[in-house]
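One-letter residues, chain by chain:
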Amino acid sequence: MLYIVPTPIGHLGDITHRALEVLAEVDIILAEDTRITKRLLSRYDIQTSMKAYHAHNEHQVTEEILQRLAGGENIALVSDAGMPGISDPGFMLVRACRAADQDFTVLPGPTAFVNALVGSGFPCDRFFFEGFLPHKKGRQSRWKFLASFPHTLVLYESPYRLMKCLEEIHTHLGPDRNVCVARELTKLHEEFHIGTAPELTEWFETHPEKVKGEMVIIIAGE
Ligand code: SAM
């Protein structure tokens, strides 16, 4: 059996009893970065061995994992934080399991955009999850597409591109849409900054110390 196991996005307490049981009992944990997952395992005194599974080796390793699963091993997949498969490796392995009729299950748990979306206070009955925009090629055409979408938009963004992103929201979606920058969710310095793109640009320009950490950008619909 393959278990897709979400892990905390900041606060190490945000993991379910079942996830801990699975991580302790499987034969091996596939981890995006074994050093990061080691911190979580140490916190809960879990000794299970790990194997690297990330964007650079998922093609090569998938076949081997399928063989191990077929041979009766129990395997867990985790990413550095949150739900595997959401802007993280996971999709290829799940697809391969389906194609091979291999059993798997997805445990429920943290994923950053849900906290950001709900905490923004913007309508979340309908929304579009964009994840990371392409850094260069294709970025402008994604903005053109997003501009045509009337509902709440959800983006993952690096702090290095926050100011550029706010400028692009202004250019492509206009100066009036409400925007929420949700930073450091579940961590000590969790913050939600809300305003129009020009207002947030001005605020972050005068508070450059806040242009850091992990962030999700939510844009209210039209
Ligand atoms: N699999 C993860 C999930 O389920 O949310 C997402 C992984 S993606 C590689 C990392 C991005 O998620 C970050 O750049 C940021 O946009 C967002 N993120 C992760 N943890 C966060 C946190 N604690 N606060 C705000 N954003 C976070």
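Above this text is the structure in question.
Criteria and cut-off values
Residues numbered from 1 in each chain as written. Predicted model: local features only at pLDDT ≥ 70, side-chain atom pairs only at ≥ 80, totals over all residues. Heavy atoms only, no water. Pairing = 2+ DSSP bridges. Helix = DSSP H or I, 4+ residues; strand = E, 2+ residues; numbered from the N terminus. Axes fitted to C-alpha atoms, helices over the stretch in contact; angles between N-to-C directions. Buried < 20%, exposed > 50% of the residue type's maximum accessible area, 1.4 Å probe, protein only. Phe/Tyr/Trp six-rings, centres within 6.5 Å; stacked < 30°, edge-to-face > 60°. 1 Å grid on protein atoms, 1.4 Å probe; cavity = no way out; pocket = protein on both sides within 12 Å on 5 of 7 lines; lining within 4 Å. Points joined across faces, edges and corners; volume = space filled by probe spheres on them. Nonpolar A, V, L, I, M, F, W, Y, C, P; charged D, E, K, R; others polar. Domains from an automatic or database assignment.

**A closer look at the sheet that holds strand β7 (residues 152–157)**
Here 5 strands make up an open sheet; going across it, the order is β6-β7-β10-β8-β9 and the pairing mixed. The open sheet has two free edges, formed respectively by β6 (127–132) and β9 (191–196), since each of these has just one partner strand. Ignoring strand direction, the axes of neighbouring strands in this sheet form an average angle of 15°. Where β7 lies against strand β10 (residues 215–219), 5 bridges are found, and the strand directions are antiparallel. Paired with Tyr-156 across the bridge in β10 is Val-216.

**Quick word on the environment of Arg-35**
With respect to the element layout, Arg-35 can be found in helix α2 (residues 34–43). When its relative accessible area of 62% is taken as the criterion, Arg-35 is described as exposed. Sequence separation between Arg-35 and Ala-52 is 17 residues, and the spatial gap between their C-alpha atoms is 9.8 Å.

**A look at the packing of aromatic side chains**
For the structure on display, the rule yields 7 aromatic pairs. Between Phe-128 and Phe-149 the ring centres are 5.1 Å apart and the planes differ by 55°, which places this aromatic pair in the tilted class. Of the two residues, Phe-128 sits in strand β6 while Phe-149 sits in the loop between α6 (139–147) and β7, which places them 21 residues apart along the sequence. Ring geometry for Trp-203 against Phe-204: centres 5.1 Å apart, planes inclined by 85°, an arrangement best described as edge-to-face. On the basis of relative accessibility, which here comes to 1%, the residue Phe-204 falls in the buried class. Among the aromatic residues, those joined into a ring-pair cluster are Phe-113, Phe-127, Phe-129, Phe-132 and Tyr-156.

**Remarks on the layout of surface pockets**
Each pocket or cavity is described by its volume, and for the largest pocket that value is around 490 Å³. If you trace the largest pocket, you find 24 residues lining it, with Ala-81, Ala-112, Phe-132, Tyr-156 and Glu-214 closest to the centre. At the level of secondary structure, the elements contributing two or more residues to the lining of the largest pocket comprise β7 and β10. A class-by-class count of the residues in the lining of the largest pocket yields 12 nonpolar, 5 polar and 7 charged. Formed jointly, the lining of the largest pocket draws a minimum of three residues from each of two domains, domain 1 (2–106) and domain 2 (112–219). Put simply, the second largest pocket is a space of about 250 Å³. Taken together, 15 residues make up the lining of the second largest pocket; nearest its centre are Pro-8, Leu-12, Ile-36, Arg-39 and Asp-80. In terms of residue count, α2 provides more of the lining of the second largest pocket than any other element does, 4 residues in total.

Nothing here speaks to function; it is all geometry.
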